[in-house]
Amino acid sequence: MTTLRMAAVAAEFGRDLDEDFAIAGRLIEEARERDVRLLALPEACLGGYLLSLDDDTALDAGPPALALDGPEIRRLADLAGGMTVVAGYCEAAGDTRYNSVVCVTGDGVLGNHRKVHQPLSEDASYASGDRFHAFDTPVGRIGMMICYDKAFPESARALALDGAEIGVCVSAWPGARTNAAANLAEDRWKRRFDLFDRARALENQIVWLSANQAGTFGSLRFVGSAKVVDPGGEILADTGVTAGTAVAELDVVQALETARRAMGHLRDRRPDTYTPAGAVTV
């Protein structure tokens, strides 16, 4: 049996890149001391998220835009060393900015994903990505997505069909914008966050890591709730609504084989029945 110790983080990050790298470095070192081999940091952990999801972008210059092959991502890779680390950032691609997530080890970039689904006014700050794909890493085949991406079953299904054993979703998921609960643990957006995590793991029978921002930034109050979910949709570790690191250990290959042995959700699909003739299916 080969087990993998993995972890997802709920933490607060802001605009100051040096401070963000200090926080990321501390979290990586703490994870290393706990023998974690796969670590997921939140969406926009390098440079912070947006101050608001309303259409007031003129009041916010937004996070610094970083090149995928630039010194900041190299700095993250150096911090990762022998660990596989996933982290969110604002990606600069020429004059275009994307809300992106990168997977690195000390050897460099293993994978990169640009957020496809954009809530509310996020499209005023970022361009949209156009695909989901899985890729091989030292800890297994991974597929990544960002926040609102997980509200769409097709996103995780596309990753699972591309062979992802582990889905990693990084978020800056806030509490409800209206009729907010005083106690975040009772917030309806927090419940949705948790439901999506469990459903995406269960329906695709994959391991699921969910990282999220914690604390507050601008007008947003984040729900934390970083977690590790097994292929049966059971939560193995959860930070709750406060900052922290959810750590779990699992034999990923065995867990997938066990979950899929009797009822294989990918194997038993009937894509020819799901859409009108001639439509594209996933």
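This text gives an overview of the structure that appears in the document. (Residues numbered from 1 in each chain as written. Predicted model: local features only at pLDDT ≥ 70, side-chain atom pairs only at ≥ 80, totals over all residues. Heavy atoms only, no water.)

## A short note on the layout of surface pockets
Which parts of space are left empty comes out when a probe the size of a water molecule is rolled across the atoms. Each pocket or cavity is described by its volume, and for the largest pocket that value is around 250 Å³. As for the largest pocket, its lining consists of 14 residues, and the residues nearest its centre are Pro119, Tyr148, Trp173, Pro174 and Trp189. Here the residues of the lining of the largest pocket are counted per class, giving twelve nonpolar, no polar and two charged. (1 Å grid on protein atoms, 1.4 Å probe; cavity = no way out; pocket = protein on both sides within 12 Å on 5 of 7 lines; lining within 4 Å. Points joined across faces, edges and corners; volume = space filled by probe spheres on them. Nonpolar A, V, L, I, M, F, W, Y, C, P; charged D, E, K, R; others polar.)

## Thoughts on the pairing of strand β8 (residues 140-146)
Across the seven residues that make up β8, a large majority, six, are buried. When strand β7 (residues 134-137) meets β8, the two strands line up antiparallel, connected through four bridges. Bridge pairing in β8 links Thr137 to Gly140. Here β7 hands over to β8 after two residues, the two strands then running antiparallel side by side. The pairing of β8 with strand β9 (residues 166-171) spans five bridges and is parallel. Considered in β9, the bridge of Gly143 is made with Gly167. Note that the unit made of β8, helix α3 (residues 153-161) and β9 has a crossover that is right-handed. (Buried < 20%, exposed > 50% of the residue type's maximum accessible area, 1.4 Å probe, protein only. Helix = DSSP H or I, 4+ residues; strand = E, 2+ residues; numbered from the N terminus. Pairing = 2+ DSSP bridges. Right-handed = clockwise from strand over helix to strand, strands pointing away.)

## Remarks on the pattern of salt bridges
Pairing between side chains of opposite charge can happen when their charged atoms approach one another. For the coordinates displayed, the defined rule picks out 19 salt bridges. Glu43 is paired through a salt bridge with Lys115; the nearest N and O atoms lie 3.4 Å apart. Linking Glu43 in the loop between β2 (38-40) and β3 (65-66) with Lys115 in the loop between β6 (108-114) and β7, this pair joins segments that are 72 residues apart in sequence. With relative accessibility at 0%, the residue Glu43 sits in the buried group. Here Arg114 makes a salt bridge to Glu91, at a shortest N to O gap of 2.9 Å. (Salt bridge = Lys/Arg side-chain N within 4 Å of Asp/Glu carboxyl O.)

## A closer look at unusual backbone geometry
Residues other than glycine seldom take positive phi values, yet Ala44 does so here, at roughly 55°. Relative to the helices and strands, Ala44 is located in the loop between β2 and β3. The phi angle at Asn179 is positive, at roughly 50°, despite the residue not being glycine. As for its position among the elements, Asn179 is in the loop between β9 and α4 (188-204). Here Asn179 falls in the exposed class, since its relative accessible area comes to 74%.

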